Amino acid sequence: MQKYQTTVARVLLALVFLGPVILRLNQIFSSADGYMQYQLELGSVGLATIFAPLLILIKLVGGIGLLLGYKTKACAYLLLTLTIFLAVISGKHDFQSMFIHLGIVGGLLLLSLYPQTACSLDNRKK
C-alpha cells in the first residue's frame, strides 16, 4: 500500500507544477499580449523578464518527469531548487505564499529521498 501512496504523492506534486503551467500557456496563447502580461506579472514581484520562459520550461519538464516517474530524483531536486527560489521571492510580498512553497519543498525533499515509486518509468522492467 505504501508504494501506491508515494505514487499518488508523486503525481499530486507533479500536478502542482503542471496545472499552473498548462493554464499559463493557455492564457499566453489565447490572447495576443498574453506573454507580455505574464512578463509584467513576473516584473511586479521583482523577477526579470528572462525568468518567464525559464519558469515555464523548468515547471513543464520537471512536472512531466514527476508525472511519468522518469528521473524522479533529478526532477525532484530541480523543482525543489526552483521552489526554494520562488519561496524567497514570494516571501518578500506574501508570507502565506512563502509557507505554501516551503510545504511543497518538504514534499519534494521526501520524494527525492524515496524516488522509487510504483507506476513509474524508473521502475520499468529492463
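Residues numbered from 1 in each chain as written. Predicted model: local features only at pLDDT ≥ 70, side-chain atom pairs only at ≥ 80, totals over all residues. Heavy atoms only, no water.

Draft legend 1. Structural detail: the overall build of the protein. Along its length, the protein carries 5 helices and 0 strands. Element order for the protein, N to C, with α for helix and β for strand: α-α-α-α-α. Here the C-alpha coordinates of the protein stretch approximately 45 × 30 × 20 Å along the principal axes. By residue count, 37% of the 126 residues in the protein fall in the buried class. Charge-centre separation for the protein: the mean point of 10 positive side chains lies 20 Å from the mean point of 4 negative side chains. (Helix = DSSP H or I, 4+ residues; strand = E, 2+ residues; numbered from the N terminus. Buried < 20%, exposed > 50% of the residue type's maximum accessible area, 1.4 Å probe, protein only. Lys, Arg positive; Asp, Glu negative; His and termini not counted. Charge placed at Lys NZ, Arg CZ, Asp CG, Glu CD.)

Draft legend 2. Seen up close, unusual backbone geometry. Phi at Lys-71 takes a positive value of approximately 50°, unusual for a residue other than glycine. Considering the arrangement of structural elements, one finds Lys-71 in the loop between α3 (51-68) and α4 (72-91). On the accessibility criterion, Lys-71 (48% relative accessible area) is partly exposed.

Draft legend 3. Highlighting the environment of Met-36. Along the polypeptide, Met-36 turns up in helix α2 (residues 34-44). Taking the C-alpha atoms as reference points, Met-36 and Ala-52, 16 residues apart in sequence, are found 9.5 Å from one another.

Draft legend 4. Representation of a nonpolar patch on the surface in the model. On the surface, Val-8, Leu-12, Leu-15, Ile-64, Leu-67, Leu-68, Tyr-70 and Leu-121 cluster together into a nonpolar patch covering about 680 Å² of accessible area. For the nonpolar patch, the elements supplying multiple residues, two or more each, are α1 (2-30) and α3. By secondary structure assignment, the location of Leu-67 is in helix α3. (Patch = residues over 30% accessible without salt bridge, like charges linked within 9 Å, V, L, I, M, F, W, Y side chains within 5 Å. Areas by Shrake-Rupley, 256 points an atom, 1.4 Å probe, with all protein chains shown as cover. Salt bridge = Lys/Arg side-chain N within 4 Å of Asp/Glu carboxyl O.)

Draft legend 5. View of the nonpolar core. In this structure, Leu-13, Tyr-38, Leu-42, Leu-55, Leu-66, Leu-79 and Leu-108 are the most contacted members of the largest nonpolar core, which totals 23 residues. Looking at this core, the elements with two or more residues in it are α1, α2, α3, α4 and α5 (95-113). In terms of residue count, the dominant contributor to this core is α4 (7 residues). With residues near it in sequence (within four places) discarded, Tyr-38 still touches Arg-24, Ile-28, Ala-52, Leu-55 and Ile-56. (Core = buried A, V, L, I, M, F, W, Y, C linked by side-chain atoms within 4.5 Å. Contact = heavy atoms within 4.5 Å.)

Draft legend 6. Representation of the confidence of the model for the protein in the model. Taken residue by residue, the protein gives an average pLDDT of 87. The fraction at 70 or more is 96%. Within the protein, no element has a lower average pLDDT than α2, which sits at 84, and none a higher one than α3, at 91. (pLDDT = per-residue confidence, 0-100.)

Draft legend 7. Main features of the packing of α2 against α3. Following both chains from N to C, one finds α2 and α3 inclined at 95°, their axes separated by 9 Å at the closest point. Relative to α3, the element α2 is oriented roughly perpendicular. Touching Tyr-35, Tyr-38, Gln-39 and Leu-42 of α2 are Phe-51, Ala-52, Pro-53, Leu-55 and Ile-56, all from α3. (Axes fitted to C-alpha atoms, helices over the stretch in contact; angles between N-to-C directions. Parallel < 35°, antiparallel > 145°, perpendicular 65-115°, else oblique.)

Draft legend 8. α4, seen in detail. With 20 residues, α4 extends 27 Å between its outermost C-alpha atoms, agreeing within 8% with the 28 Å of an ideal straight helix rising 1.5 Å per residue. Within the sequence span of α4, burial applies to Thr-72, Cys-75, Ala-76, Leu-79, Leu-80, Leu-82, Thr-83, Leu-86, Ala-87, Ile-89, Ser-90 and Gly-91. (Expected span 1.5 Å × (residues − 1).)

Draft legend 9. The packing of α3 against α4, seen in detail. Look at α3 against α4: their axes get within 9 Å of each other, and the N-to-C directions meet at 145°. Of the two possible hands of crossing, α3 and α4 adopt the one that is left-handed. Residues Phe-51, Leu-55, Ile-58, Lys-59, Val-61, Gly-62, Gly-63, Gly-65 and Leu-66 of α3 touch α4, and the partners they reach there are Thr-72, Cys-75, Ala-76, Leu-78, Leu-79, Leu-82, Phe-85 and Leu-86. Residue classes in the contact of α3 with α4 are distributed as 12 nonpolar, 4 polar and 1 charged. (Left-handed = near helix turned anticlockwise from the far one by under 90°. Nonpolar A, V, L, I, M, F, W, Y, C, P; charged D, E, K, R; others polar.)

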